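Structural overview for review
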Amino acid sequence: NINWKLLIKNLAIPLLVGVISGFLTKDANEEFTLTAVQPIFTPPGWLFPVVWTVLYALMGIGAGLVSQQPVSATRDRALNLMVAQLVVNFFWPLLFFNARAYGFAVLWLLLLLVLVVWMTLEFRKVSPLAALLQIPYILWLLFATYLNAAVWYLNR
């Protein structure tokens, strides 16, 4: 039995975070694209919002699956980690695009990666499917860390 209201709420929150973050970084992102030296293997610009929309949806579905399980310390820890990683996720584009703090943004991404892996491990204890849905996010963060580190190196 799926609680659709709870699932939709959990889906909407990360998507809203992504929309707000995208809005706050839109101009800086466009300027970055025109002025910064980009590393090899940088995907075309149109791909980033597509990938992030999918990742935010997978986060939300995972959180929705976890939130529908019986209340427990593990479930609550998993959901708290979801919130924590979402907060860290929100600030990365502001650091990278708006502040152009490329070196610090690499460290921030590593923090995000640790939180997401931890969240995924906690999700797995509550809902194995919710954890599996986070694998693309982890892989994308690894790729994003490469891109961020390369931008830092190429634009110092």
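Residues numbered from 1 in each chain as written. Predicted model: local features only at pLDDT ≥ 70, side-chain atom pairs only at ≥ 80, totals over all residues. Heavy atoms only, no water.

**Some thoughts on the pattern of salt bridges**
This model, assessed by the stated rule, comprises five salt bridges. Here glutamate 31 and arginine 100 are joined by a salt bridge, their closest N and O atoms 3.7 Å apart. Of this pair, glutamate 31 sits in helix α1 (residues 4-35) while arginine 100 is found in the loop between α3 (73-98) and α4 (102-126), placing the two residues 69 residues apart along the sequence. When its relative accessible area of 29% is taken as the criterion, arginine 100 is described as partly exposed. Between glutamate 122 and arginine 77 there is a salt bridge, with the nearest N and O atoms lying 3.1 Å from each other. Within this pair, whereas glutamate 122 is found in helix α4, its partner arginine 77 is found in helix α3, the two being separated by 45 residues in sequence. Judged by relative accessible area, arginine 77 falls into the partly exposed class, the value being 33%. Several salt bridges converge on common partners, so that one network encompasses Arg77, Glu122 and Lys125. (Salt bridge = Lys/Arg side-chain N within 4 Å of Asp/Glu carboxyl O. Helix = DSSP H or I, 4+ residues; strand = E, 2+ residues; numbered from the N terminus. Buried < 20%, exposed > 50% of the residue type's maximum accessible area, 1.4 Å probe, protein only.)

**Let's talk about the nonpolar core**
Taken as a class, soluble globular proteins show a tendency for nonpolar side chains to be buried jointly. One finds Trp52, Phe96, Phe123, Tyr137 and Leu141 to be the most contacted residues of the largest nonpolar core, which totals 41 residues. When residues of this core are traced back to their parent elements, those giving at least two are α1, α2 (47-67), α3, α4, α5 (128-132) and α6 (135-154). When residues no more than four places from it in sequence are discounted, the contact partners of tyrosine 137 are Trp52, Leu55, Met59, Gln85, Asn89, Leu112 and Val116. (Core = buried A, V, L, I, M, F, W, Y, C linked by side-chain atoms within 4.5 Å. Contact = heavy atoms within 4.5 Å.)

Honestly, that's just the spatial picture; any functional story needs more than this.
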